[in-house]
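Take a look at the letters that make up each chain.
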Amino acid sequence: MRIGSKVPGESDKRGDGFESVFRQKQMDCVSLRLSDEEGYAPFRDFLSSRMEGGRLAFDGIFCVNDALAIQIRAMLLELGLRVPEDVQLIGFDGIRRFAQDGFYCSTIVQPVARLAETSVDLLLREDRSNLPSLVCLPVAYAAGGTTRGPPGNRRGGLWPPATREETSPMASEYLRWKYRDVQPDAPAEQTKKQRRQNWWHYHKWYVVLGAAAVLMAGNLVWHAATQVRPDYQIAYVGGVPLPDAETAVWENRLSVLGTDCNGDGKVIIKINQYVTPQNADDALYTYASNVKLMADLDSCESYFFLLEDPETFQAGYEVLQEDWVPLESGMFLARRDFWEGRTPANLENCVQLWDALRKEEHS
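Residues numbered from 1 in each chain as written. Predicted model: local features only at pLDDT ≥ 70, side-chain atom pairs only at ≥ 80, totals over all residues. Heavy atoms only, no water.

Engineer: Would you take a moment to explain the overall build of the chain for this structure?
Structural biologist: When helices and strands are tallied, the chain shows 10 helices and 14 strands. Looking at the chain as a whole, 33% of its 363 residues are labelled buried. Looking at the chain alone, contacts between residues at least 24 apart form 64% of all its contacts between residues at least 6 apart. Only carbon and sulfur atoms are counted for the fraction: they give 55% of the accessible area of the chain, which is about 23600 Å². (Helix = DSSP H or I, 4+ residues; strand = E, 2+ residues; numbered from the N terminus. Buried < 20%, exposed > 50% of the residue type's maximum accessible area, 1.4 Å probe, protein only. Contact = heavy atoms within 4.5 Å. Areas by Shrake-Rupley, 256 points an atom, 1.4 Å probe, with all protein chains shown as cover.)

Okay, structure coming up:
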């Protein structure tokens, strides 16, 4: 019995071999070969049509695979037939319940490990000029409780045990070649150029990754060495950006009145602008500015503040000393109030610069 693809394949040879043995022994057999589209129902009809007096017209069934044998066994049980007492049943493939457990049914077991090993060896063979066109490896019978013989082997195991000699002439020829005494070739002497090429072939990615790591480390060192560290920072908070001209005025004014706090020979002023437009369309921009402002306040970067509305700002953040100074531009100059233990390193210089700015505003 067979079910499978309509396209002929290697598994069809199983049924062909079974039938050829019957013809050689001049025995009768009946075949039923179906396609996957026809399903299992015709098998049930086939078996039912050959029941006479509670017995099946034949005493043995061969299935081309174990999956079909399992289905046929269930159908035989539905017909009230005992397996293997009334009907013997054998499959093909050697399917087990678990890796070390018994077989689902009596079956023909293929030498899977040797099939894989032989295939790989043939693929890796250097000389392909005399490869055999066909390599036949022996199969073995395994009892799985659905056949009545051989005696003493009803519960499982291979019979007869497969041996290396039980192969076709082609397989024997191949195995003699495989297990021949092979001596490894002596290593060829390489030139200096070949050794350099070989070394580069296996180490080029290590060199590339190492060079990339060195460049990244050098870039970090260069940025750390050349980074401009401001002596004073001013935070501007307003609805529109501070004009470039006014920014330059404040940078020049503080650089003249301030001192070199970090000892680099220059007085550098940095103005941090946190623009918070009131337009609803700019909500994302406003949120980003507020996040940056909170980071500035947390790290105590800016001591001086240029504000449009210091009272509203103080009500929201409570970080200012309430001695802000009105400016001619309409803005206010304010300074930061710090919590105990959270002050900038140049606090004393910032206080001195604040006093100089207030003095200049009142003069």
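Additional details are given in the paragraphs that follow.
Engineer: Is there a simple way to think about the layout of surface pockets in this case?
Structural biologist: One way to see where empty space is left: roll a probe the size of a water molecule over the atoms. Here the largest pocket is characterised by a volume of approximately 610 Å³. Lining of the largest pocket is provided by 17 residues; of these, Arg14, Phe92, Gln110, Leu137 and Val139 occupy positions nearest its centre. At five residues, helix H1 (residues 12-24) tops the list of elements feeding residues into the lining of the largest pocket. Of the residues belonging to the lining of the largest pocket, the class tally is 12 nonpolar, two polar and three charged. When its volume is computed, the second largest pocket comes out at roughly 360 Å³. Contributing elements (two or more residues each) for the lining of the second largest pocket: H1 and strand S5 (60-62). Tallying contributions element by element places H1 first for the lining of the second largest pocket, with four residues. (1 Å grid on protein atoms, 1.4 Å probe; cavity = no way out; pocket = protein on both sides within 12 Å on 5 of 7 lines; lining within 4 Å. Points joined across faces, edges and corners; volume = space filled by probe spheres on them. Nonpolar A, V, L, I, M, F, W, Y, C, P; charged D, E, K, R; others polar.)

Engineer: Explanation requested: the packing of aromatic side chains in the structure shown.
Structural biologist: In this description, an aromatic ring pair is defined by two values, namely the gap between the centres and the angle between the planes. Applying the stated rule across the entire model yields nine aromatic pairs. Ring geometry for Tyr40 against Phe43: centres 6.3 Å apart, planes inclined by 40°, an arrangement best described as tilted. For Tyr40, a relative accessible area of 33% translates into the label partly exposed. With a centroid separation of 6.0 Å and 20° between ring planes, the pair formed by Tyr303 and Phe338 is classed as stacked. With Tyr303 in the loop between helix H8 (283-299) and strand S12 (304-307) and Phe338 in the loop between strand S14 (332-336) and helix H10 (347-362), this pair connects stretches of sequence that are 35 residues apart. Taken individually, Tyr303 and Phe338 each receive the classification buried, so the pair is uniform in this respect. A connected cluster of aromatic rings, assembled from ring pairs, spans Tyr232, Tyr303, Phe304 and Phe338. (Phe/Tyr/Trp six-rings, centres within 6.5 Å; stacked < 30°, edge-to-face > 60°.)

Engineer: It is not clear to me how a negative patch on the surface should be interpreted in this structure. Could you clarify?
Structural biologist: Together, Glu308, Asp309, Glu311 and Glu322 make up a negatively charged patch on the protein surface. Structurally, Asp309 is set in the loop between S12 and helix H9 (310-317). (Patch = residues over 30% accessible without salt bridge, like charges linked within 9 Å, V, L, I, M, F, W, Y side chains within 5 Å. Salt bridge = Lys/Arg side-chain N within 4 Å of Asp/Glu carboxyl O. Lys, Arg positive; Asp, Glu negative; His and termini not counted. Charge placed at Lys NZ, Arg CZ, Asp CG, Glu CD.)

Engineer: Got a minute to help me understand the pairing of strand S6 (residues 88-92) in this structure?
Structural biologist: When a strand is regular, its side chains alternate between the sheet's two faces. With four of its five residues buried, S6 lies for the most part within the structure. Sheet topology places S5 next to S6; three bridges connect them, and they run parallel. Among the inter-strand pairings, Phe62 is bridged to a residue of S6, identified as Ile90. Read from S5 through helix H3 (residues 66-78) to S6, the crossover connection turns out right-handed. Looking at chain direction, S6 and strand S7 (residues 107-109) are connected through two bridges and run parallel. (Pairing = 2+ DSSP bridges. Right-handed = clockwise from strand over helix to strand, strands pointing away.)

Engineer: How should I be thinking about the nonpolar core in this particular structure?
Structural biologist: Where a protein is soluble and globular, its nonpolar side chains tend to be buried together. Counting residues in hydrophobic clusters, the biggest one holds 21 residues, and the most contacted among them are Ile234, Trp250, Leu254, Phe304, Leu306 and Leu333. Elements represented by at least two residues in this core include exactly strand S10 (232-238), helix H7 (244-257), strand S11 (269-275), S12 and H10. Among the elements that make up this core, the one with the highest residue count is H10 (four residues). Not counting the four nearest positions on each side in its chain, Trp250 is found in contact with Ile271, Leu306, Leu327 and Leu333. Grouped together as the second largest cluster of nonpolar side chains are 20 residues, Leu32, Leu81, Val87 and Cys105 included. (Core = buried A, V, L, I, M, F, W, Y, C linked by side-chain atoms within 4.5 Å.)

Fair warning: the whole summary comes from geometry, so function is off the table for now.
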